[in-house]
Amino acid sequence: MELATFLPMIGRWGLLVILLLGPSPGMAEPVSSYLSATTLNTRTASFNQALLRTALAKFFQTTAFRTESTISITATTAQVNVNLQSQTETLTVLPRNFHSRLELGNKNYEIISNGQQVWVLDLAKKEYAILSFQQFQDSDDSFLIGLGTSFLLEMADSNITDRGTNPQDWLSSVIDFFTVNYVQEGLTLSQSQVSQQGLTYSLYQYQLPQENLTLVLWIDEQSQTLAKLQILGQEEGMAINIEETIHRQQVNPVIPRDAFQFRPPAQFTQVEELPLDPF
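Residues numbered from 1 in each chain as written. Predicted model: local features only at pLDDT ≥ 70, side-chain atom pairs only at ≥ 80, totals over all residues. Heavy atoms only, no water.

I tried to follow unusual backbone geometry on my own but got confused; where do I start?
One can expect most non-glycine residues to show negative phi and most peptide bonds to be in trans. Cis geometry marks the peptide bond from Leu94 to Pro95, where omega comes out at 15 degrees. Mapped onto the elements, Pro95 comes out in the loop between strand S3 (81-93) and strand S4 (97-104). With a phi angle near 55 degrees, Lys126 is a residue other than glycine that sits in the positive phi range. Looking at the secondary structure, you find Lys126 in the loop between strand S6 (117-122) and strand S7 (127-132). Taking relative accessible area as the criterion, Lys126 reaches 35% and is therefore assigned partly exposed. One non-glycine residue, Gln197, lies in the positive phi region at around 50 degrees. Take Gln197: it is sitting in the loop between strand S8 (188-196) and strand S9 (199-208). (Helix = DSSP H or I, 4+ residues; strand = E, 2+ residues; numbered from the N terminus. Buried < 20%, exposed > 50% of the residue type's maximum accessible area, 1.4 Å probe, protein only.)

This is the structure:
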């Protein structure tokens, strides 16, 4: 996993929310203090590999799953602090099929992949665009179907599709990456603990120091499940915080026959490009 690949996406979405939403009065603070505050005021805990492995085994246990989540994007400079949210529901069958519905700002989108092509629909404008699977994965918008889902699609494509790796063996290797093999990618791992709204979370923070990038896995200690994925980064003077809060994950759901098929709806017009913008 190359966390550095998130940097261009982080910069683009940071600029977008600032330009579209404008500054929030009374919330300006330096980038450095924002990053410190975002990692929360926690107390250090000993590294608990068993808890992490159990939670990841639940999340990465199958190649077919449905996820409902909220994605929050916060961009901060020394003068402004703004936020944008997206509600997302995505049905996924690895390595390349997915069907996602999302509410981004006041816009509704639907995104469908049959493994070769991806169709992006703007439901309000009644427009759609067609991309290749790789074009969508390489775009700045791919994480909006879910940070966890986007990560799995990227890794599954390179390992299952390209290398012919057995899916279950590959899922086990993903767990090994986060618990043991992260060092080989130049990451450092620290663990802390925080309580919010009566729940206690263990935070596993994977840092890529040379890129000012951190991935945080929030593990609910009671249910031993992955509750949130968080990416913290800095790009061109902005501090960006992208979070995916997982509300529900269903493994091995019923897959409708037409789940990954696309037929242009009546009165929809094909356009060359259709970026996912909130307004």
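This is not the end of the story, as more comes after the structure.
Looking at this model, I keep getting lost on helix H3 (residues 49-59). Mind explaining?
Owing to its 3.6 residues per turn, the α-helix brings residues three or four apart onto one side. Turning to H3, its buried residues are Leu51, Leu52, Ala55, Leu56 and Phe59. Mapping the buried residues of H3 onto a view down its axis gives an arc of 120 degrees, with all of them on the same face. Where H3 is buried, its residues touch helix H5 (147-161), helix H6 (167-179), S9, strand S10 (213-220), strand S11 (225-235) and strand S12 (238-251). If you check the start of H3, you find a side-chain oxygen 3.3 Å away from the backbone N of Ala50, and it comes from Asn48. (Arc of directions from axis to C-beta. Contact = heavy atoms within 4.5 Å. Polar contact = N/O pair within 3.5 Å; in protein donor to acceptor, adjacent residues only side chain to side chain.)

I'm lost on the packing of H3 against H6 in this one. Help?
When two helices pack together, their arrangement is captured by the angle between the axes and the distance separating the axes. Closest axis-to-axis distance for the H3/H6 pair is 10 Å, and the angle between their directions is 150 degrees. What the angle tells us is that H3 and H6 run roughly antiparallel. The way H3 lies across H6 gives a crossing that is right-handed. Contact residues: H3 offers Gln49, Leu52, Arg53, Leu56 and Ala57, while H6 offers Ile175, Asp176, Phe178 and Thr179. (Axes fitted to C-alpha atoms, helices over the stretch in contact; angles between N-to-C directions. Parallel < 35°, antiparallel > 145°, perpendicular 65-115°, else oblique. Left-handed = near helix turned anticlockwise from the far one by under 90°.)

Would you take a moment to explain the confidence of the model for the protein chain for this structure?
Note that predicted coordinates carrying low pLDDT should not be read in detail. Summarising the model, the protein chain shows a mean pLDDT of 83, and 83% of its residues fall at 70 or more. Here residues 17-45 is a poorly scored stretch, pLDDT under 50, and it has 64 contacts once near neighbours within four places are set aside; other chains count. (pLDDT = per-residue confidence, 0-100.)

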